[in-house]
Each structure stands twice: as structure tokens, then as C-alpha cells.
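Fold and geometry: a report
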Amino acid sequence: MQVDKTNFEITKRRGIIVWVYSLKQLKNLKKFGLLHYVSRRMKYVVLYLNEETFEQTQERIQKLHFVRRVEPSYRPDIEMNFAEKIGSKDAIKEDGFEIEELSTEIRLAENI
């Protein structure tokens, strides 16, 4: 028995939400990318497209007659490294926000 040692490469993908008029044309959307989720009640489809051809594929999907609206995912554009910002008052001050700490006193309803 011979084992094939091929290297698998992770392809960069980007999510897209396609709002449709009817769900009869789902087979047409499958050819553009990976069909991840279909909402039958709200009539939208979540697709994952390859990052290299994202703009061209998005325009082609938008031109289809059964597509109402196309919304791209903005998650790849957001910086997801929050390690130095979580729990740090200095990070909030850098963004221009002021922090005011108030001492709150908790009173029970029996003592009022």
C-alpha cells in the first residue's frame, strides 16, 4: 500500500451574503463557490468565494436576474488581534476615549 504525500494548500476565501427573490435557482449559485448556509424563511444564501477572483465573481452574481442584493463579508478587513487591547485602559485612551471610574453603591430594597 502506497501513501500519497501531497501537500494541501489553504485557499483564502471570503464570505458573501446573497439576498434572492426565490430559492429555485440555488443550483446556479453553487457553481460560484462553496454554499455554506441557506435561509429559506428570509431568502438569503451565504457563499464562500476564492479571494483571488472575489470582485469579478461578486459582480457576476449581482447581475443575475434572481438576485436582490449582495453583501460582502468585512471580517478579513478587521484586525482580529485584541491581545494588547483587552483590559488595557491605555488602549482606550489612545483611541481618544476618556475613562471615568465611578464608585457605585449597591443598596438592597430592604434598607431603603
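Values in this document were obtained by computation on a predicted structure and should not be read as measured data. (Residues numbered from 1 in each chain as written. Predicted model: local features only at pLDDT ≥ 70, side-chain atom pairs only at ≥ 80, totals over all residues. Heavy atoms only, no water.)

This paragraph deals with the sheet that holds strand E3 (residues 44-50). Here we have four strands laid out as an open sheet, ordered E2-E3-E1-E4, and antiparallel in their pairing. Looking at which strands have only one partner, the edges of the open sheet turn out to be strand E2 (34-39) and strand E4 (67-72). With direction set aside, neighbouring strand axes in the sheet form an average angle of 25 degrees. Relative to E4, strand E1 (residues 13-20) runs antiparallel, the two sharing five bridges. By the bridge assignment for E4, valine 20 is matched with valine 67. (Pairing = 2+ DSSP bridges. Helix = DSSP H or I, 4+ residues; strand = E, 2+ residues; numbered from the N terminus. Axes fitted to C-alpha atoms, helices over the stretch in contact; angles between N-to-C directions.)

Turning to the nonpolar core, a few remarks are in order. Most often, soluble globular proteins keep nonpolar side chains buried together rather than apart. Ranked by internal contacts, the top residues of the largest apolar core, which has 15 residues, are Ile16, Val18, Leu29, Leu47, Leu49 and Ile61. Not counting residues within four places of it along the chain, the set of residues in contact with leucine 49 comprises Lys12, Arg13, Arg14, Ile16, Phe32, Gly33, Phe54, Thr57 and Ile61. (Core = buried A, V, L, I, M, F, W, Y, C linked by side-chain atoms within 4.5 Å. Buried < 20%, exposed > 50% of the residue type's maximum accessible area, 1.4 Å probe, protein only. Contact = heavy atoms within 4.5 Å.)

A few words on unusual backbone geometry. The backbone of lysine 43 shows a phi angle near 60 degrees, a positive value even though the residue is not glycine. Relative to the helices and strands, lysine 43 resides in the loop between E2 and E3. Taking relative accessible area as the criterion, lysine 43 reaches 34% and is therefore assigned partly exposed.

So far we have only geometry, and geometry alone does not tell us how the molecule works.
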